[in-house]
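Examining the three-dimensional arrangement
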Amino acid sequence: MNILRPLSPHLPIYKPQLTSTFPISNRISGAFLTTIVFFFYLLCLKIGLICFTYENVYQIFFYSSKLILISVEITALALLYHITNGVRHLLTDFSGF
């Protein structure tokens, strides 16, 4: 007598709401931005500011210019989303939407 019933019957009928996905994506974008800032902080600690006087550093920037442009665009989009979501959160908290 093996009856196949779902363990939690409320999960199949649950639809994700917009207000529950905003905080999750805000935390993801914040973690991404924190990782980027931490990476560049460690990079500056490791090689220091003296590295920008070496010619090899500029060759690396030149040959990886497409990758740098894509990563800067993704970081700018994450920063824009994170800021606008923070402003939306402040507006909903203080204006009583």
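These numbers were taken from a predicted model, which means no experiment stands behind them.

Another point: the confidence of the model for the protein. A low pLDDT score tells you not to read the predicted coordinates there in detail. On average, the protein scores 80 in pLDDT, and the residues at 70 or more come to 79%. The secondary-structure element of the protein with the lowest mean pLDDT is helix α2 (residues 55–63), recorded at 72, while helix α3 (residues 65–95) shows the highest, at 87.

Quick look at helix α1 (residues 18–47) now. The terminal C-alpha atoms of α1 lie 43 Å apart, and with 30 residues this matches the ideal 44 Å at 1.5 Å per residue to within 8%. Along α1, the residues that are buried comprise N26, S29, G30 and L33. Elements that come into contact with the buried residues of α1 comprise α3. Phi for G48, located one or two positions after α1, is positive at around 75°.

Side chains of Y58, I60, F61, I68 and V72 sit close together on the surface and give an oily, nonpolar patch of about 470 Å² of accessible area. Where the nonpolar patch is concerned, the elements lending two or more residues are α2 and α3. Element by element, the count of residues in the nonpolar patch is highest for α2, at 3 residues. Position of I68 relative to the elements: it lies in helix α3.

Conventions adopted
Residues numbered from 1 in each chain as written. Predicted model: local features only at pLDDT ≥ 70, side-chain atom pairs only at ≥ 80, totals over all residues. Heavy atoms only, no water. pLDDT = per-residue confidence, 0-100. Helix = DSSP H or I, 4+ residues; strand = E, 2+ residues; numbered from the N terminus. Expected span 1.5 Å × (residues − 1). Buried < 20%, exposed > 50% of the residue type's maximum accessible area, 1.4 Å probe, protein only. Contact = heavy atoms within 4.5 Å. Patch = residues over 30% accessible without salt bridge, like charges linked within 9 Å, V, L, I, M, F, W, Y side chains within 5 Å. Areas by Shrake-Rupley, 256 points an atom, 1.4 Å probe, with all protein chains shown as cover. Salt bridge = Lys/Arg side-chain N within 4 Å of Asp/Glu carboxyl O.

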